[in-house]
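# Geometric and topological summary
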Amino acid sequence: MSTDLTASPPAAAELHRYTEALLAHLAADGTARPTPPEFHDIPGYWLAPTVEALVTILAGDDPIEPLARAAARDQQKTALFLCLSLAVAGHGGRIHASWLGTAFGGLSLDTPVAHGQRALWLAAARGAYGPAGKIFVLRKLDVLAVPDEAEPHVWVQALAPGEPSVVVPASLVDFPEMAEIPELARPAQAAARLARLRARCVEITSAKQADQDSSAPLTNHTATPATAWAEDEPLAVLRSLIGLGGPEGPRGSLVGHLLDDLRPGADPHLAAIALHVAAPILKSVADELEADTRLMPPASVTVPLLGHQILLRPEGPDTSSFEDAERAIVETGVLPRRPPIGAYALLVAGVAAVVAAIVWSPWFAVLSVAMLGLGGWLLWQRRKAVESDSRYVAGQLAELRELADGATWALHAYAREAEARAKQAAEDSLDLNRLIRRGPRAA
């Protein structure tokens, strides 16, 4: 049947004014409902009998007659309006079981989630319809292969973003560059990632759910105007249904909503449902991470020490690589210098000037002193430079030996740490799997 709102403009205006006032009352949790007018029926329009049915339900009476008229005109809008209105009023337990299915419709991975579906999703997640409402939404999601629509790392990144690029275990804190070696980094990184995933699952599933019983309203209880309501999606959909809201915004994809719900800071009620959907992926990822933590430390690793690649074994640094590093330190630490020909020439000339001073003139004595002094100073400077090179090389060699010994002991500490790390990872994996196996109860 076609809808003709122009048939009775005054009746339509009065109906919209009353419905708007009723929605504002429901959102503000007022103490007195606006007095219902005489409902003048508008041919083909679903809203008048639907509002009449809502008022009848709130009054505790049987709404069968107006409900039948409304459903005959638009069953889906009638069911959606009643489900959301009763949820906002805190009477979600009064809906009929079939209304949710009619109002929600079908979900698809290929089509965006409708605003009405998302509003019902939010209401059910917050417990407006009791445990049955949560299970209804979970079953709608379970029939779809949602986890397969995104790579596992996408789900993990949504649940626990901001993963550090390098994890430095306690055993390698003095040698952080060793934590970047793939053979050593993989188990430590896996253990840290698994611990972060477990912490997020604990955070989601242990969130306070005191307002999730079937009578918990979605409204605030401070009579804040409906336009300032923080969780206004159900109310916005209701206003849009009766033609009072603006144009609907863009609709999100099903996977996009679930990933947003998993991110830190999201509504914990929605996060719990998203966690249930992502459970198969998280279980698989947790098992892989736990297996990575059990990887045995390598028998030997190549470690950069003072810019030289040293092969370390449990018994100490490899002799060949260590000698190569020592040789390189000596070669680069001692600067090549020319023979002190100039200094020796000055000394010879100084001696000649002494002879000249004795044979010919005492004035050559002054020249001899200057040349002998300058030649001696140049030799002394050269000797100091050679000694400085020797001290530098000796210091570098001593530091290299000390670092090699320290890195060897760090490898031993890492090996001892591996058993405790694998044990903790097994506990984290077990706890994570226990949390995500709770299914609807986790929501």
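Described below are features of the structure shown in this document.

What counts and how
Residues numbered from 1 in each chain as written. Predicted model: local features only at pLDDT ≥ 70, side-chain atom pairs only at ≥ 80, totals over all residues. Heavy atoms only, no water. Buried < 20%, exposed > 50% of the residue type's maximum accessible area, 1.4 Å probe, protein only. Helix = DSSP H or I, 4+ residues; strand = E, 2+ residues; numbered from the N terminus. Arc of directions from axis to C-beta. Phe/Tyr/Trp six-rings, centres within 6.5 Å; stacked < 30°, edge-to-face > 60°. 1 Å grid on protein atoms, 1.4 Å probe; cavity = no way out; pocket = protein on both sides within 12 Å on 5 of 7 lines; lining within 4 Å. Points joined across faces, edges and corners; volume = space filled by probe spheres on them. Nonpolar A, V, L, I, M, F, W, Y, C, P; charged D, E, K, R; others polar. Pairing = 2+ DSSP bridges.

Here we take up helix α10 (residues 233-241). Within α10, burial applies to Pro234, Leu235, Val237, Leu238 and Leu241. For α10, the buried positions fall inside an angular range of 160 degrees around the axis, keeping them on one side. A positive phi of about 85 degrees marks Gly243, the residue just after α10.

Once that is clear, we can look at the packing of aromatic side chains. One pass over the structure, following the stated rule, counts three aromatic pairs. Consider the rings of Tyr45 and Trp46, whose centres lie 6.2 Å apart with planes at 65 degrees: the pair is edge-to-face. Overall, the relative accessible area of 4% leaves Trp46 in the buried class. Ring plane angle 90 degrees and centroid distance 5.5 Å describe the contact between Phe104 and Phe136, whose orientation is recorded as edge-to-face.

Turning our eyes to something else, we now look at empty space enclosed by the protein. Applying the stated rule across the entire model yields two cavities of 30 Å³ or more. Put simply, the second largest cavity is a space of about 30 Å³. Lining the second largest cavity, in full, are Glu183, Pro187, Thr293, Leu295, Met296, Pro297, Pro298, Tyr414, Ala418 and Arg421. If you list the elements that add at least two residues to the lining of the second largest cavity, you get α9 (182-205) and α16 (363-436). Of all the elements, α16 adds the most residues to the lining of the second largest cavity, at three residues. The residue makeup of the lining of the second largest cavity, split by class, is seven nonpolar, one polar and two charged.

We now examine the layout of surface pockets. Approximately 220 Å³ is the volume attributed to the largest pocket. In terms of lining residues, the largest pocket is bounded by 13 residues, among which Val156, Glu163, Arg193, Val285 and Leu289 are the most central. The residue inventory of the lining of the largest pocket, partitioned by class, reads five nonpolar, three polar and five charged.

Strand order in the open sheet made by the three strands is β1-β2-β3, with antiparallel pairing throughout. Pairing within the sheet leaves two strands with one partner each, and these edge strands are β1 (301-305) and β3 (316-317). Bridging between β1 and strand β2 (residues 308-313) involves five bridges; their strand directions are antiparallel. Counterpart to Thr302 in the pairing with β2 is Leu311.

Coordinates in, geometry out; function isn't part of it.
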